[in-house]
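Working through the structure, step by step
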Amino acid sequence: MISKTIFPCLLLYSLLIFWTGYLISCRPNKNETVDIPASINDGLNVPGAKMLTAQTRKAGQGVYVVTDGAPAFGREIVVKWSYLVKKPGDTTHYMSLFCESQATFFVLEGRQLGDSLVFEGFWRRLVNSETGTARFVVAKANGASILLAPGCCQSVAKRAVTFKGTYGEGEAARTQPLTFSFDRPLNKKPFQILAHRGGGRTSDLLPASENSVEIIQLAERLGATGVEIDIRQTKDGTFIIYHDINLNLRLTQKTGLVGAIESYTYDQLSVFVRLFNGEKIPTLIESLDVILNQTALETVWLDSKDVRDMPRLRTIQQTYLQRAAQQGHRLNIYIGLPAQEQVTQFEQLPNHRQLPSICELDTSVAKRINAAVWAPRWTLGQQIPSTVAMQQQGRKVFVWTLDVPEFIQQFIQNGSFDGILSNYVPSVA
């Protein structure tokens, strides 16, 4: 007979094996790419189309129930808006849909056409290379009049707004129906959805490389409220974001440079190295500038993979926290401490207990350094007593790196955690 202690471990192991096998079977091969269909948003650029107001966008957010097309995208869809400031005076607003099935997300833009609302864009499943286009309409009789009404109420009645539309696979015509109706508002509980490596891994064939400025710009459209980025230093001390110790073909295009990234100056990397999708390796300063000035991201986790100059990292952190406060941008920037080496460096900083930090070590270390966030690995379990104790001391608890839908659901439904770090932020969203 299997004991009560062993059974949960076996169940966990079995689910991990199942999900890992599922992901591997669905992973595109290394030479495959995902080409987002180009023929999107054509139907929005027509005479008389009007941009949607902030009031209309806010009123349309919420959790919707799928009434047609459920087998393809699951039972419920979350509708949420984000924006990207491309340059001063040029801001694009995006409506994202997050589905239960296979980390699927939609990215759409919307316009008012007459007395209706029209949305067009693309959809993508992160666990494979499936993608396509989509178009939705909210007609006057299906709730457009509610969303467009002056002084629209803060809440929408159940089933009062319905999106009716179609989607297609790849470049194929949009012929398959998808309809969803408003069910309830978004969860108001503060909760951080943190995108791993700036927004997602290069291996998941997103349109931008991990730890790039471009993936950070995309993160909110994927469902993130914050990002985790990997901090390293070059030979001349420049802070960059890059995950691995060495230059390699997993992360970069083929080049003549080999070996540790710290063996090269930033100028050398900037001139000779391009990330997998052609981007430059960004500096930390460039990344924080984008987060602060182009997005509404709320949290930055600076994972200090290789930091030789902790005082300078502290100065950068404090500078951008001050700038965010001056701009009225609600932004938390934490120095991430993944191992004892980084903790030791951190403790040598003057007034380190007053600096916002994330501690991945045990709770005693988090308490000693007065970490703002305790971040345990998800495979250690939910650790409810430790989580509650940390929160009673005024700390937040973020769990990492959680990608399995069944466990994402368990950790969220537990209700104790303040955030989840994930490669599949659409699933968390």
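It should be noted that the structure appears before, not after, this text.
Residues numbered from 1 in each chain as written. Predicted model: local features only at pLDDT ≥ 70, side-chain atom pairs only at ≥ 80, totals over all residues. Heavy atoms only, no water.

1. A closer look at the nonpolar core
Here is the rule we go by: By nonpolar core we mean a set of buried residues, namely Ala, Val, Leu, Ile, Met, Phe, Trp, Tyr and Cys, connected to one another through side-chain atoms within 4.5 Å. The buried label goes to any residue with under 20% of its type's maximum accessible area, the exposed label to any with over 50%, and the partly exposed label to all in between, with areas taken from a 1.4 Å probe on protein chains only. Throughout, a residue-residue contact means that at least one pair of heavy atoms, one from each residue, lies within 4.5 Å.
Of all hydrophobic cores here, the largest spans 71 residues; its most connected members are Ile229, Ile231, Leu284 and Leu313. Ignoring any residue separated from it by four or fewer positions in sequence, one finds Leu313 in contact with Ile231, Phe239, Leu284, Leu302, Ser304, Val307 and Ile335. Within the second largest apolar cluster, 29 residues are counted, among which are Trp81, Phe119, Phe136 and Ala144.

2. Re the pattern of salt bridges
Any two side chains of opposite charge can pair, so long as their charged atoms come close to each other. Heads up, the rule is: One side-chain nitrogen of Lys or Arg within 4 Å of one carboxyl oxygen of Asp or Glu is enough to make a salt bridge. Helix and strand definitions follow DSSP, with helices as H or I runs of at least four residues and strands as E runs of at least two, each counted in order from the N terminus.
Across all of its chains, the model carries 20 salt bridges by this definition. Here Arg125 ties to Glu130 by a salt bridge, and the two come within 3.0 Å at their closest N and O atoms. Taking the shortest distance from any N to any O, the salt bridge between Arg197 and Glu210 comes out at 3.2 Å. With Arg197 in the loop between strand S10 (192-195) and helix H5 (213-222) and Glu210 in the loop between S10 and H5, this residue pair connects regions lying 13 residues apart in the sequence. Look at Arg197 and you get buried, because its relative accessible area is 12%. Residues joined by salt bridges that share partners form a network here, namely Arg75, Glu76, Glu100, Lys158, Arg159, Asp183 and Arg184.

3. Comments concerning the side chain of Arg395
Keep this limit in mind: In summary, the charge assignment counts Lys and Arg as positive and Asp and Glu as negative, without counting His or the chain termini. Whenever a nitrogen or oxygen atom comes within 3.5 Å of another N or O atom, the pair is scored as a polar contact, on the condition that within protein one atom can donate a hydrogen and the other can accept it, and that pairs from neighbouring residues in sequence are kept only if both atoms are in side chains.
Structurally, Arg395 is set in the loop between helix H11 (384-392) and strand S17 (396-399). No salt bridge is formed by the buried Arg395; the nearest opposite charge belongs to Asp418, separated by 11 Å. At 3.0 Å, the side chain of Arg395 and the backbone oxygen of Ala371 are in polar contact. Here Arg395 is in contact with Ala366, Lys367, Asn370, Ala371, Ala372, Met390 and Asp418, once residues within four sequence places are set aside.

4. Description of the packing of aromatic side chains
The description of an aromatic ring pair uses the distance of the two centres, along with the angle that the planes make with each other. Definition in use: Geometry of aromatic contacts follows a simple scheme: Phe, Tyr and Trp rings, the Trp one being its six-membered ring, pair when their centres are within 6.5 Å, and the pair is stacked under 30 degrees between planes, edge-to-face over 60, tilted otherwise. Criterion for a charge above a ring: Arg CZ or Lys NZ at most 6 Å from the ring centre, at most 35 degrees from the ring normal.
This model, assessed by the stated rule, comprises 16 aromatic pairs. An angle of 80° between the planes, with centres 5.5 Å apart, marks the rings of Phe73 and Trp123 as edge-to-face. Of the two residues, Phe73 sits in helix H3 (residues 70-73) while Trp123 sits in strand S6 (residues 116-125), which places them 50 residues apart along the sequence. For Phe73, a relative accessible area of 1% puts it in the buried group. Where Phe411 meets Phe417, the ring centres are 5.2 Å apart and the plane angle is 40°; that geometry is what we call tilted. Taken together, the ring pairs connect Tyr64, Phe73, Trp81, Phe106, Phe119, Trp123, Phe136, Phe163, Tyr167, Phe180 and Phe182 into an aromatic cluster. Its guanidinium or amino end placed over the ring of Tyr94, Arg221 lies 4.2 Å from that ring's centre, counting from NZ or CZ. Over the aromatic face of Tyr320 sits the side chain of Arg323, whose NZ or CZ is 4.8 Å from the ring centroid.

5. Comments concerning the packing of H5 against helix H7 (residues 284-294)
Rules: Simply put, an axis is a line fit to the C-alpha atoms, just over the touching stretch for a helix, and the angle between two N-to-C directions goes from 0 to 180 degrees. An angle counts as roughly parallel when it lies under 35 degrees, as roughly antiparallel when it exceeds 145, as roughly perpendicular when it falls between 65 and 115, and as oblique in every other case. Left-handed describes a crossing whose near helix is turned anticlockwise from the far helix by less than a right angle; the clockwise case is right-handed. Ten residue types, Ala, Val, Leu, Ile, Met, Phe, Trp, Tyr, Cys and Pro, are classed as nonpolar, four, Asp, Glu, Lys and Arg, as charged, and the remainder, Gly among them, as polar.
Their axes nearest at 9 Å, the elements H5 and H7 cross at an angle of 25°. Considered as vectors, H5 and H7 are oriented roughly parallel to each other. Handedness of the crossing formed by H5 with H7: right-handed. Residues Val213, Ile216 and Gln217 of H5 touch H7, and the partners they reach there are Glu286, Ser287, Val290, Ile291 and Gln294. Per-class residue counts for the contact of H5 with H7 are 4 nonpolar, 3 polar and 1 charged.

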